Each structure stands twice: as structure tokens, then as C-alpha cells.
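Next come the chains, spelled out residue by residue.
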Amino acid sequence: RVFDSLGSRDEFGRGDKKRGQSDLVTREYTIHLHKLLHGQTFKKRAPRAIREVKKFATKAMFTKDVRVDTKLNKALWATGVRNVPKRIRVRLSRKRNDDEEVRYAQYYISTHATKPHHGGDWGDGR
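Residues numbered from 1 in each chain as written. Predicted model: local features only at pLDDT ≥ 70, side-chain atom pairs only at ≥ 80, totals over all residues. Heavy atoms only, no water.

### A word on the sheet that holds strand 2 (residues 66-68)
At step 1: The strand order 1-3-4-2 describes an open sheet built from four strands, whose pairing is mixed. Unpaired on one side and paired on the other, strand 1 (26-32) and strand 2 mark the two borders of the sheet. Within this sheet the neighbouring strands show an average axis-to-axis angle of 30°, counted without direction.
At step 2: Sheet topology places strand 2 next to strand 4 (residues 106-112); three bridges connect them, and they run parallel. Looking across to strand 4, one finds that arginine 67 is bridged to isoleucine 109.
At step 3: Along the sheet face, helix 2 (residues 45-61) touches strand 1, strand 2, strand 3 (87-96) and strand 4 and points at about 135° away from the line of strand 1. (Pairing = 2+ DSSP bridges. Helix = DSSP H or I, 4+ residues; strand = E, 2+ residues; numbered from the N terminus. Axes fitted to C-alpha atoms, helices over the stretch in contact; angles between N-to-C directions. Contact = heavy atoms within 4.5 Å.)

### Examining the environment of serine 110
At step 1: Tracing the backbone through its elements, the reader meets serine 110 in strand 4.
At step 2: Between the C-alpha atoms of serine 110 and arginine 94, which are 16 residues apart in sequence, the distance is 9.0 Å.
At step 3: Sequence-distant contacts of serine 110, that is, excluding residues within four places in its chain, are made with Val53, Val66, Arg67, Val68, Asp69, Leu72, Arg91 and Leu92.

### Topic: the pattern of salt bridges
At step 1: In total, this model carries four salt bridges according to the counting rule given.
At step 2: Note that glutamate 28 is salt-bridged to arginine 89, the shortest N-O span being 3.3 Å. With glutamate 28 in strand 1 and arginine 89 in strand 3, this residue pair connects regions lying 61 residues apart in the sequence.
At step 3: Linking arginine 67 and aspartate 65 is a salt bridge whose minimum nitrogen-to-oxygen distance equals 3.4 Å.
At step 4: Overall, the relative accessible area of 33% leaves arginine 67 in the partly exposed class.
At step 5: Here the residues in one salt-bridge network are Glu28, Arg89 and Arg91, joined through shared partners. (Salt bridge = Lys/Arg side-chain N within 4 Å of Asp/Glu carboxyl O. Buried < 20%, exposed > 50% of the residue type's maximum accessible area, 1.4 Å probe, protein only.)

### What to know about the packing of helix 2 against helix 3 (residues 70-77)
At step 1: Across the interface, helix 2 lies against helix 3 with an axial gap of 9 Å and an inter-helix angle of 140°. Between helix 2 and helix 3, the angle is such that the two are oblique. Relative to helix 3, helix 2 is oriented so that their crossing is right-handed. Together, Ala46, Pro47, Ala49, Ile50 and Val53 of helix 2 and Leu72, Asn73, Leu76 and Trp77 of helix 3 make up the contact between the two elements.
At step 2: Considering only residue class, the contact of helix 2 with helix 3 consists of eight nonpolar, one polar and no charged. (Parallel < 35°, antiparallel > 145°, perpendicular 65-115°, else oblique. Left-handed = near helix turned anticlockwise from the far one by under 90°. Nonpolar A, V, L, I, M, F, W, Y, C, P; charged D, E, K, R; others polar.)

### Details of the pairing of strand 4
The side chains of a regular strand alternate, first on one face of the sheet and then on the other.
At step 1: Extensive coverage of strand 4 is indicated by the burial of five of its seven residues.
At step 2: Taken together, the seven bridges between strand 3 and strand 4 define a ladder with antiparallel strand orientation. Directly across from leucine 92, in strand 4, lies its bridge partner serine 110.

Right, here's the structure in full:
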């Protein structure tokens with residue numbers, strides 16, 4: 001079982017409703033796209049990378065409403081459809097959905113993390 005950092009299980013939009021502002025969470029991950037796109041046809045690599053990022057966010061953050069930021073999209077497509085980066089650093093942020101007729105109260109936006117979030121070290125000597 002995977003638990004949220006706040007201690008309660010938040011699976012696909014259902015969770016503890018009493019948390020208030022503390023349910024707005026931001027986490028950073030490095031997605032190893034090279035192993036996820038291995039053997040993929042060249043002309044399908046960048047679209048598949050977008051799907052894999054969404055799939056990773058769905059699995060990591062327990063929600064189906066995942067949106068990809070335009071900067072992350074441009075970072076994945078920067079070197080063309082074939083030459084997708086081997087690894088990409090993503091920041092997953094939970095936002096509150098303000099629309100009335102929505103299925104989930106929160107959604108996740110995945111953005112491109114260009115530098116460490118809180119001034120930390122990348123861990124790989126950069």
C-alpha cells in the first residue's frame with residue numbers, strides 16, 4: 001500500500017475531506033524515459049513519452065486527472081519526435097478544481113523541474 005505524506009490513503013480523488021489547505025502537495029520525481037520507450041517506433045516516441053508521464057503521475061499520486069504543462073511538453077518535444085530525453089525531472093503539484101461539475105475535487109499538474117525545488121542538490125554532481 002502506498003500512503004500519502006499526510007498519512008491517509010488518497011486513491012483517485014477520494015480521501016480525507018477534513019484536511020483543508022494541507023491537501024495541496026508538491027513532489028518532484030525523475031522519470032527514466034529511456035527504459036519506458038525502449039523498442040518504440042521512432043515516430044511514436046514523443047507522444048508515448050507524454051502518455052508515460054501521465055501514467056507515472058497517475059500511479060505516483062493516485063489520481064486520474066493529470067494535466068501536462070506546456071513547458072514539460074516543449075521539453076519532451078525539444079529535440080524532435082525521435083530523440084526524447086533519457087530522463088526528465090518533473091514536479092507534480094496538486095491543485096484545487098474550482099469547477100462545480102467535476103468528477104475529482106483536485107487535479108495534478110505536471111511541470112518541468114529545471115532546477116531543485118528548495119535549493120537542494122541534484123545528487124548527480126551537477
